[in-house]
Amino acid sequence: MYLKVTRAKEHEYLKIVESYRDKEDGKIKHRVLFNLGRLDNLIKHTSLIDKLVEKLGQGRYVKIDDINQDGDAKVYNYGYIVIRELWNRYKLDDFFKEVLKKRASKSIDRIIHTIFSLVINRALYYEASKLGYYKEKDYFLFVNETVKLHHLYETLEDLESLKDDLEKHLFKINQSLFNQELSVAFYDVTTLYFESKIEDNDDENGEKGLRKFGLSKDFKINETQIVLSLLIDANGMPITFEIYEGNRAETTTLLDTLDSLKKRFGIQKVTVVADRGISKWLNLAEIKARGYEYIVAVSIKQDKELIKKVLDKSDYNQISFDEKNGYYGYKAFELTKSKRTKVYPGYSCYKESDQEYCYSNITLTHKIVATYSDKRAKKDEKDRNRAIEKLEKRIKIGQALKKSKYLKATSNDCSTDFEIDLQKVEEDRKFDGFYALASSDLSIEPLKVIEIHKTIYDIENAFRDIKHSLSIRPIYHFKKERIKGHIIVSFLAYLFLKHIEYRLKKSQKVQKWMQKEDETLSIKKIIKALHSMSVTQTTIQDDTFFIRHQHDTIASKIVDLFKIKLPSNLIEKEKMRLYLAL
């Protein structure tokens with residue numbers, strides 16, 4: 001390992017180089033381990049070069065700790081500059097200044113800076129709790145020099161009151177950045193748990209407490225939770241969210257979002273796409289009553305007329321066929337149904353009643369788009385066989401059995417015997433490979449319905465990213481305002497990361513690289529890439545400077561895409577501060 005000076009154009013550069021023997025041809029070759037930067041800049045730090053020469057002369061590998069006079073060298077992140085770039089593109093400094101001035105807030109600049117600090121922590125997930133983040137606050141270079149712990153908590157409370165204005169502002173900027181109107185929106189609901197077993201009481205004004213025990217989608221039966229609803233657009237960008245008490249039924253959350261679409265965002269026409277949990281008959285009627293359309297998955301097995309039409313493969317139209325996946329086709333038809341439905345106040349079809357609800361006959365006409373796929377049929381059979389195999393093992397060894405549609409119990413005077421219900425298995429097999437969607441828009445093309453509904457997985461991915469990649473839960477706050485502020489910070493962080501992912505996927509240059517390298521993109525990989533943008537601080541003879549680490553390939557793609565200039569490989573402290581513009 002040795003120092004080498006190379007020339008490029010009018011400048012000379014100093015590099016650390018090592019020799020190695022090529023395994024294929026056995027020849028001695030050289031590779032650059034680190035580019036220290038321009039020699040004329042490095043000459044100012046002769047003590048650094050002397051130290052490197054000393055260590056290399058001893059035949060030792062050079063570590064930053066070897067040349068740092070204070071012992072262990074510290075690593076800092078500057079990758080948050082990408083989030084700062086997006087922060088600026090969304091004009092958030094201007095937005096927060098304007099709304100905070102209207103509220104006569106004090107210390108406006110400090111509040112805005114603390115919001116940014118909270119967002120980069122959530123986006124890059126360095127610490128889950130605010131206290132943990134504060135203890136490691138120096139990780140983001142120069143960001144938190146003036147931030148106090150109480151600032152983090154107070155700013156969450158400031159944010160809570162800005163939610164509606166912030167979402168409206170972000171929605172407007174998104175329309176401008178992506179140059180498109182909202183035509184399709186995807187809606188879903190999840191739960192977020194707390195490290196707490198204490199429920200919130202409802203207050204004296206009748207406002208419900210948030211932390212409640214309820215049906216957890218994380219299977220956390222012993223922790224309190226809240227319910228979170230989220231609406232995203234066709235690009236996967238979040239539009240709005242609402243939080244509800246933890247015991248709120250997800251089917252009752254849709255009205256608030258529909259009201260937001262019209263009142264806050266001024267959206268008059270949109271197709272709402274939701275899963276079966278939301279698509280109750282009353283909700284579908286309400287979407288239509290508000291002037292919107294919808295596309296939802298429907299259960300084939302619950303309707304005799306649907307069963308008859310969907311399972312008749314004689315008039316299916318082929319979409320594709322190949323040796324690997326087999327046949328894939330569809331059929332479309334209209335279906336009108338009436339259902340006697342329990343209706344609550346707030347719904348447009350509610351009629352005044354002495355009771356807290358009334359009954360109404362609701363008639364809906366749908367375009368049903370049914371699909372059949374050999375590939376799906378194989379998957380359905382495989383899933384069923386796996387479930388049956390597990391049941392058979394449990395029956396054989398006498399383990400406790402969970403409720404299953406494939407299980408048949410036979411009771412006698414002394415005991416209950418269990419066996420696989422073969423009739424149910426055969427009935428279930430008839431539906432292998434079939435799937436059905438319902439659209440309220442009778443004029444829509446069937447293939448368009450299929451195409452739109454495929455994007456429903458984006459909102460499922462959104463919840464997975466928010467929960468896991470951003471580690472939004474468990475939630476450690478107990479005050480309602482701070483809980484809401486925490487969700488807003490996570491909403492902003494997810495928006496920025498999703499924006500980066502979207503831009504990368506739309507870049508032809510990045511797509512070519514991904515195909516060549518057989519690479520994939522995800523929020524998790526983007527977070528890792530931004531983490532790799534780091535520097536090490538070192539001090540020699542009272543001079544402090546930073547040595548930039550080599551970041552990963554995805555980080556390079558992000559930097560190129562957003563035209564972000566990187567700092568020098570070796571940069572003085574004050575120049576680094578100017579670079580980060582903090």
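Residues numbered from 1 in each chain as written. Predicted model: local features only at pLDDT ≥ 70, side-chain atom pairs only at ≥ 80, totals over all residues. Heavy atoms only, no water.

Undergrad: Which parts of the structure should I look at to understand the overall build of the protein chain?
TA: A tally of regular secondary structure across the protein chain gives 21 helices and 18 strands. Within the span of the protein chain, comprising 582 residues, buried residues form 49% of the whole. Summarising the internal contacts of the protein chain: among those between residues at least 6 apart in sequence, 66% fall at separations of at least 24. For the protein chain, the accessible area works out to roughly 31,000 Å², and carbon and sulfur atoms hold 47% of it. (Helix = DSSP H or I, 4+ residues; strand = E, 2+ residues; numbered from the N terminus. Buried < 20%, exposed > 50% of the residue type's maximum accessible area, 1.4 Å probe, protein only. Contact = heavy atoms within 4.5 Å. Areas by Shrake-Rupley, 256 points an atom, 1.4 Å probe, with all protein chains shown as cover.)

Undergrad: Just to check I follow, could you spell out the packing of aromatic side chains for this structure?
TA: Each aromatic ring pair is specified by the distance between its two centres and by the angle formed by the two planes. Counted by the stated rule, this structure contains 16 aromatic pairs. The rings of Tyr80, Trp87, Phe95, Phe96, Phe116, Tyr139 and Phe140 are connected pair by pair, giving a single aromatic cluster. Positioned above the aromatic ring of tyrosine 292, the side-chain terminus of lysine 262 is 5.1 Å from the ring centre. Between arginine 577 and the ring centre of phenylalanine 142, over which it is positioned, the NZ or CZ distance is 4.2 Å. (Phe/Tyr/Trp six-rings, centres within 6.5 Å; stacked < 30°, edge-to-face > 60°. Lys NZ or Arg CZ within 6 Å of the ring centre and 35° of its normal.)

Undergrad: How should I be thinking about the packing of helix 6 (residues 108–124) against helix 8 (residues 149–160) in this particular structure?
TA: Axis angle and axis distance: for two packed helices, these are the angle between their axes and the distance between the axes, and together they describe the pair. At a minimum axis separation of 9 Å, helix 6 and helix 8 run at an interaxial angle of 100°. The orientation of helix 6 relative to helix 8 falls into the category roughly perpendicular. Residues Arg110, Ile111, Thr114, Ile115 and Leu118 of helix 6 pack against His151, Leu152, Glu154, Thr155, Leu156, Asp158 and Leu159 of helix 8. Taken together, the residues of the contact of helix 6 with helix 8 sort by class into 6 nonpolar, 3 polar and 3 charged. (Axes fitted to C-alpha atoms, helices over the stretch in contact; angles between N-to-C directions. Parallel < 35°, antiparallel > 145°, perpendicular 65-115°, else oblique. Nonpolar A, V, L, I, M, F, W, Y, C, P; charged D, E, K, R; others polar.)

Undergrad: In this structure, what is going on with the sheet that holds strand 8 (residues 271–274)? I would like to understand it.
TA: The strands making up a sheet associate through backbone hydrogen bonding, with each pair oriented either parallel or antiparallel. On the basis of which strands lie adjacent, the open sheet formed by 9 strands has the order 7-6-5-8-9-15-12-11-10 and mixed pairing. Here the strands that pair on one side only, and so sit at the sheet edges, are strand 7 (238–245) and strand 10 (317–322). Pairwise comparison of adjacent strand axes, ignoring direction, gives a mean angle of 25° for this sheet. Here 16 bridges tie strand 11 (residues 326–343) to strand 12 (residues 358–373), and the two strands are oriented antiparallel to one another. Residue pairing in the sheet places tyrosine 328 in a bridge with serine 373 of strand 12. (Pairing = 2+ DSSP bridges.)

Undergrad: What's the story with helix 15 (residues 446–454) in this structure? I'm lost.
TA: Taken as a whole, helix 15 has its buried residues at Pro446, Val449, Ile450, Ile452 and His453. Each buried residue of helix 15 lies within a common arc of 165° when the element is viewed along its axis, so the set occupies one face. (Arc of directions from axis to C-beta.)

Undergrad: Is there a simple way to think about empty space enclosed by the protein in this case?
TA: Which parts of space are left empty comes out when a probe the size of a water molecule is rolled across the atoms. A full pass over the atoms with the stated rule returns 1 cavity of 30 Å³ or more. One number sums up the size of the largest cavity: a volume of about 60 Å³. When contributions to the lining of the largest cavity are tallied by element, the ones reaching two or more residues are strand 6 (225–233) and helix 17 (480–506). Per-element accounting of the lining of the largest cavity gives the leading share, 3 residues, to helix 17. Considered class by class, the residues forming the lining of the largest cavity number 7 nonpolar, 1 polar and no charged. (1 Å grid on protein atoms, 1.4 Å probe; cavity = no way out; pocket = protein on both sides within 12 Å on 5 of 7 lines; lining within 4 Å. Points joined across faces, edges and corners; volume = space filled by probe spheres on them.)

Undergrad: How should the nonpolar core be read in this particular structure?
TA: General note: in soluble globular proteins, nonpolar side chains tend to be found buried as a group. Leu92, Phe96, Ile500, Leu530, Ile558 and Met576 are the most contacted members of the largest nonpolar core, which has 106 residues in total. With 14 residues, the single largest contributor to this core is helix 17. Those residues in contact with leucine 530 that lie beyond four places of it in its chain are Asn77, Gly79, Val82, Ile83, Leu124, Leu497, Ile500 and Ile558. Formed by 48 residues, the second largest nonpolar core is a distinct cluster that contains Val227, Ile267, Ala285 and Ile300. (Core = buried A, V, L, I, M, F, W, Y, C linked by side-chain atoms within 4.5 Å.)

Undergrad: In this structure, what is going on with unusual backbone geometry? I would like to understand it.
TA: Glycine aside, residues mostly have negative phi, and peptide bonds are mostly found in the trans state. Positive phi, close to 70°, is recorded for phenylalanine 142, a residue that is not glycine. Positioned with a positive phi, aspartate 518 is a non-glycine residue whose angle comes to about 55°. Here aspartate 518 lies in the loop between helix 18 (508–517) and helix 19 (523–532).

Undergrad: What am I meant to see in the pairing of strand 12 here?
TA: Taken residue by residue, a regular strand's side chains alternate between the two faces of the sheet. With respect to burial, strand 12 is a largely interior element, 12 of its 16 residues being buried. Sheet analysis places strand 12 next to strand 15 (residues 434–439), joined by 6 bridges and oriented antiparallel. If you follow threonine 371 over to strand 15, its bridge partner there is tyrosine 435.

Undergrad: How should I be thinking about the pattern of salt bridges in this particular structure?
TA: Oppositely charged side chains can pair when the atoms bearing their charge come close. Under the counting rule described, the total for this entry stands at 36 salt bridges. The salt bridge involving aspartate 303 is made with lysine 337; its shortest N-O contact spans 3.5 Å. With aspartate 303 in the loop between strand 9 (293–297) and helix 12 (304–310) and lysine 337 in strand 11, this pair connects stretches of sequence that are 34 residues apart. Looking at aspartate 303, the relative accessible area reads 16%, which means it is buried. Given the relative accessible area of 24%, lysine 337 is considered partly exposed. A salt bridge links lysine 505 to glutamate 501; the nearest nitrogen and oxygen atoms lie 3.5 Å apart. Residue lysine 505 and its partner glutamate 501 are located together in helix 17, separated by 4 residues, close to a single helical turn. (Salt bridge = Lys/Arg side-chain N within 4 Å of Asp/Glu carboxyl O.)

Undergrad: When you look at the side chain of aspartate 432 in this model, what are you seeing that I'm missing?
TA: Here aspartate 432 is to be found in the loop between helix 14 (422–429) and strand 15. Once you skip the residues sitting within four places of it in the chain, aspartate 432 turns out to touch Tyr372, Ala377, Asp380, Glu381 and Arg384.

Undergrad: Looking at this structure, I do not really get the environment of valine 369. What am I missing?
TA: Relative to the helices and strands, valine 369 is located in strand 12. The class of valine 369 is buried, set by a relative accessible area of 0%. Sequence separation between valine 369 and leucine 437 is 68 residues, and the spatial gap between their C-alpha atoms is 5.2 Å.

Undergrad: Looking at this model, I keep getting lost on helix 11 (residues 281–289). Mind explaining?
TA: At 3.6 residues per turn, the α-helix brings residues three or four places apart onto the same side. In terms of residue burial, helix 11 counts as a mostly covered element, since 7 of its 9 residues are buried. Those residues of helix 11 lying buried are Trp281, Leu282, Asn283, Leu284, Ala285, Glu286 and Ile287. Lining the buried residues of helix 11 we find helix 10 (254–263), strand 8, strand 9, strand 11 and strand 12. Remark: glycine 291 follows helix 11 within two positions and exhibits a positive phi of approximately 90°.

Undergrad: Looking at this model, I keep getting lost on the confidence of the model for the protein chain. Mind explaining?
TA: The predicted coordinates of low-pLDDT regions are not to be read in fine detail. Across the protein chain, the average pLDDT comes to 84, with 88% of residues at or above 70. Least confident of the elements in the protein chain is helix 3 (residues 64–67), whose mean pLDDT is 44; most confident is helix 4 (residues 81–89), at 96. (pLDDT = per-residue confidence, 0-100.)

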